[in-house]
Amino acid sequence: MSDILINKVKQLLSDKAIDIFIGHGEGTGGRIRPIFVRTPEDAEQLIFNENCKQSWANYLLKPEVKAAGKIGMMATKHALRAMMQLASEFQIKDNEVLALYWDNNELKSSADFKEIEAYLASQNHDILPHEQEMIDKLNAMTTQERWDFWQKEYEKCIKCYACRSACPMCYCHHCAAEGNQPQWIPVASHQLGNMDWHLMRAMHLSGRCINCGACAKVCPMHIPLNLLTYNLITPIQQEFGAIAGMKHDATYALSTFKTEDKENFIL
Amino acid sequence: MEPIIKIIKSASLATIVDKLKGRYPRLYAPVKKQELVELEVINGFNDIAQDYLLTTQSVKKLAFPRVEKILDYTLQKGNIQQQSPDTSNFPETVLFGIRPCDASGFRSLTAIFNGDKPDEFYKSRYEKLIIISFACNKADAYCFCTSVGGNPGNTEGSDIQFTPVDNDEMLVEILTEKGKAVADLFSDLLSDCDKPVDKQAYLANVPVVFDVNKVIDNTTKSFNNEMLWINQSLRCIGCGACAFVCPTCACFDIQDEQNMKQGARLRLWDSCGFSLFTLHTSGHNPRHIQSHRWRQRLMHKFSYMPEQLKVVGCEGCGRCSRACPVDMNIKEHLLQIAEL
């Protein structure tokens, strides 16, 4: 798979179809890291194997990456969904990013939103069974038990904001956590500050989380943060009939009124 | 003082921990908590992690906690009453089983906090620390202490150091007066060293990968080498994981938490990797892109600190690289700079 990818990227770079390619590379001690390829020779460093599950969509809005020119990206299913969600939030345009993705062992490339949507529609987007199991377990807890579970997790948080930095949907130039007029979220990494931060972030991602799990994977304190945002996917889907990142022109469920919206929350 | 060298049976460690705990209730040691190894107050020897390289977070939190209250105040009918927390009564705290790179990390922290005018919070907490380190008999791909002047058996900053040697024995180096007073608690378990022990032979092999003086010279010269910093930091996502696990990163933020009647002023960990770190009220940000923030991180540790404080701001523990979500391996980046 790596060879096919390398040849494709070499060709794209020689043809000047793209200026920079974001892909998976060999990291320290078997880790996978994002690498940025600008020349056909450097494309040799690209790899693709069963460990390359990371989405690099959070780089699409990074100024230094954008400044490099036309972007190509090795896209996992989650990266493609992040692209569609970013498009629906007017952060990237059609034909702006060339995505390479595997469709039944065939390497496809497309910058066309309609094509990407069609591919996504053919895929399964359920969260993984072990993650669902954990969510079910949490939902089966009493309120007190669930509170205790999360308080213990939040206690570990050092507020490094790796969750925010790794999240493709956390792109706000001015994060609510940084607002101080008024101060919504305590800056301190104490019990209240940590809880406020994670709950606020989860609420801002309700209906926008594309369940890539990056927040939890990058957490240096191993807090299962993805469970917070994943837990909001099903209610939004049930109430509004949509999951995030499937359509480039989707309207955001929580800020759009439709006459057919359920009104059963009105007492 | 001249180090006192003794030998102890490894099996005696549990007794030593009991004795320490009896005298110093605040006895911290590495504890395994699922994927993490954290420094926590232990109740006994069995709480201590059996097989650990080093703790996930550094030990700096014991002298420089992530939230430090530095002032209390009340507001009543226009009167402001201030009260500084009492720093004279921080409890004596033993750090047992930390690594040499953590113990020596206090060199940088002390240079920063106690530089021109001692910081009373840091100083008071640090003075109460009793540091019993364990020399490293293993290392991983992220370790590079030997490249920044340390080594797996570095005794700097430790009051006592244990090194596992042959025959289920440990070499005990009593290094300071403080350490001597603590070792008196278990002096009955210590035996004299009949013949010299080659400590080096029992330490982890951590190859020197770069010349730190070249790194210092080249970072200092490379401030305007924009492409160097951009290429190194293209994958950096601008979180603060590296700074918060670092044993020497000391930047902080001051925040007030208050209501109409009272408030507290807090000192909180901060990171130069955050875009907010240098954002001016005007909206201007002198470090407006991540590469400038990455440059600052390396310049501070390898240019400004050596120049101004005569210390290198890095212990080579590799925590920043292990914690980094995108595998920004600092050893590789420093090697690249050394070879410029």
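These numbers come from a predicted model, not from an experiment.

**Description of the pairing of strand 6 (residues 93-98) of chain B**
As a general feature of sheets, a regular strand has side chains that alternate between the two faces.
Residue and element names in this part refer to chain B.
Phase 1: Of all 6 residues in strand 6, 6 are buried, a share of seventy percent or more.
Phase 2: Strand direction decides the pairing type here: strand 2 (residues 27-33) and strand 6, joined by 2 bridges, are parallel. What sits directly across from Tyr28, in strand 6, is Leu95.

**Concerning the packing of aromatic side chains**
Residues and elements named next belong to chain B.
Phase 1: With the rule as written, the count across this model stands at 20 aromatic pairs over all chains.
Phase 2: Ring geometry for Phe113 and Tyr122: centres 4.9 Å apart, planes at 20°, overall stacked. With respect to burial, Phe113 and Tyr122 carry one shared label: buried.
Phase 3: Pairing Phe244 with Trp269 gives two aromatic rings, centres 5.5 Å apart and planes at 50°, and the pair type is tilted.

**Let's talk about the sheet that holds strand 2 (residues 32-37) of chain A**
All names here are of chain A.
Phase 1: Sheet architecture is open: 5 strands sit in the order 2-1-3-4-5, paired in mixed fashion. The sheet is open, and its two edges are formed by strand 2 and strand 5 (106-110), each paired on a single side. Here the strands of the sheet are splayed against their neighbours by 25° on average, with no regard to which way each runs.
Phase 2: Sheet analysis places strand 1 (residues 20-26) next to strand 3 (residues 71-74), joined by 3 bridges and oriented parallel. What sits directly across from Phe21, in strand 3, is Gly72.

**Remarks on the interface of chain B and chain A**
Interfaces are often described in size by the accessible area the parts lose on coming together.
Phase 1: Counting residues at the interface gives 44 residues for chain B and 36 residues for chain A.
Phase 2: With both sides pooled, the region where chain B packs onto chain A buries about 3,000 Å², and carbon together with sulfur makes up 58% of that total.
Phase 3: Counting across the interface, chain B meets chain A through 3 salt bridges.
Phase 4: Here chain B is connected to chain A by 20 residue pairs in polar contact (both at pLDDT 80 or more).
Phase 5: It is helix 6 (residues 226-233) of chain B that contributes the most residues to the side of chain B that touches chain A, 4 residues altogether.
Phase 6: Across the side of chain B that touches chain A, the residue classes break down as 23 nonpolar, 12 polar and 9 charged.

**Considering the sheet that holds strand 5 (residues 79-83) of chain B**
Residue and element names in this part refer to chain B.
Phase 1: Across the sheet, which stays open at both edges, the 4 strands sit in the order 5-4-12-11 with antiparallel pairing between neighbours. In this open sheet, the two strands that pair with only one neighbour each are strand 5 and strand 11 (252-258). Geometrically, the sheet is characterised by an average inter-axis angle of 20° between neighbouring strands, direction not taken into account.
Phase 2: Across 7 bridges, strand 11 lies against strand 12 (residues 262-269) in antiparallel orientation. Bridging across to strand 12, Gln258 finds its partner in Gly263.
Phase 3: Set on the sheet, helix 3 (residues 120-127) makes contact with strand 4 (67-76) and strand 12; between it and strand 4 the angle comes to about 130°.

**Thoughts on helix 1 (residues 2-14) of chain A**
Residues and elements named next belong to chain A.
Phase 1: When the terminal C-alpha atoms of helix 1 are compared, their 18 Å separation across 13 residues agrees well with the 18 Å that a helix rising 1.5 Å per residue should span.
Phase 2: Here the buried face of helix 1 lies against strand 1, strand 2, strand 3, strand 4 (97-103) and strand 5.
Phase 3: Downstream of helix 1 by a residue or two, Lys16 has a phi angle that is positive, lying close to 60°.

**Overview of the domain arrangement of chain A**
All names here are of chain A.
Phase 1: In terms of domains, chain A is made up of domain 1 (2-121) and domain 2 (129-242).
Phase 2: Using C-alpha coordinates to define each centre, domain 1 is positioned 27 Å away from domain 2.
Phase 3: If you look at the interface, domain 1 gives 10 residues, while domain 2 gives 12 residues.
Phase 4: The largest contributions to the domain 1 side of the interface with domain 2 come from Asn58, His78 and Arg81, which together make up 42% of the buried area.
Phase 5: Here domain 1 is connected to domain 2 by 1 salt bridge.
Phase 6: Between Glu89 and Arg208 there is a salt bridge, with its nearest N and O atoms 2.8 Å apart.
Phase 7: Counted by class, the side of domain 1 that touches domain 2 contains 4 nonpolar, 4 polar and 2 charged residues.

**Some words on the side chain of Glu131 of chain A**
Residue and element names in this part refer to chain A.
Phase 1: Tracing the backbone shows Glu131 in helix 5 (residues 129-140).
Phase 2: No salt bridge is formed by the buried Glu131; the nearest opposite charge belongs to Lys217, separated by 6.4 Å.
Phase 3: A polar contact is formed between the side chain of Glu131 and the side chain of Asn226, at a distance of 3.5 Å.
Phase 4: Those residues within four positions of Glu131 in sequence are excluded, and the remaining contacts are Asn226, Leu227 and Tyr230.

Definitions and limits used
- Residues numbered from 1 in each chain as written.
- Chains lettered and ligands numbered in written order.
- Predicted model: local features only at pLDDT ≥ 70, side-chain atom pairs only at ≥ 80, totals over all residues.
- Heavy atoms only, no water.
- Buried < 20%, exposed > 50% of the residue type's maximum accessible area, 1.4 Å probe, protein only.
- Helix = DSSP H or I, 4+ residues; strand = E, 2+ residues; numbered from the N terminus.
- Pairing = 2+ DSSP bridges.
- Phe/Tyr/Trp six-rings, centres within 6.5 Å; stacked < 30°, edge-to-face > 60°.
- Axes fitted to C-alpha atoms, helices over the stretch in contact; angles between N-to-C directions.
- Contact = heavy atoms within 4.5 Å.
- Buried area = accessible area lost by both parts, 1.4 Å probe.
- Salt bridge = Lys/Arg side-chain N within 4 Å of Asp/Glu carboxyl O.
- Polar contact = N/O pair within 3.5 Å; in protein donor to acceptor, adjacent residues only side chain to side chain.
- Nonpolar A, V, L, I, M, F, W, Y, C, P; charged D, E, K, R; others polar.
- Expected span 1.5 Å × (residues − 1).
- Domains from an automatic or database assignment.
- Lys, Arg positive; Asp, Glu negative; His and termini not counted.

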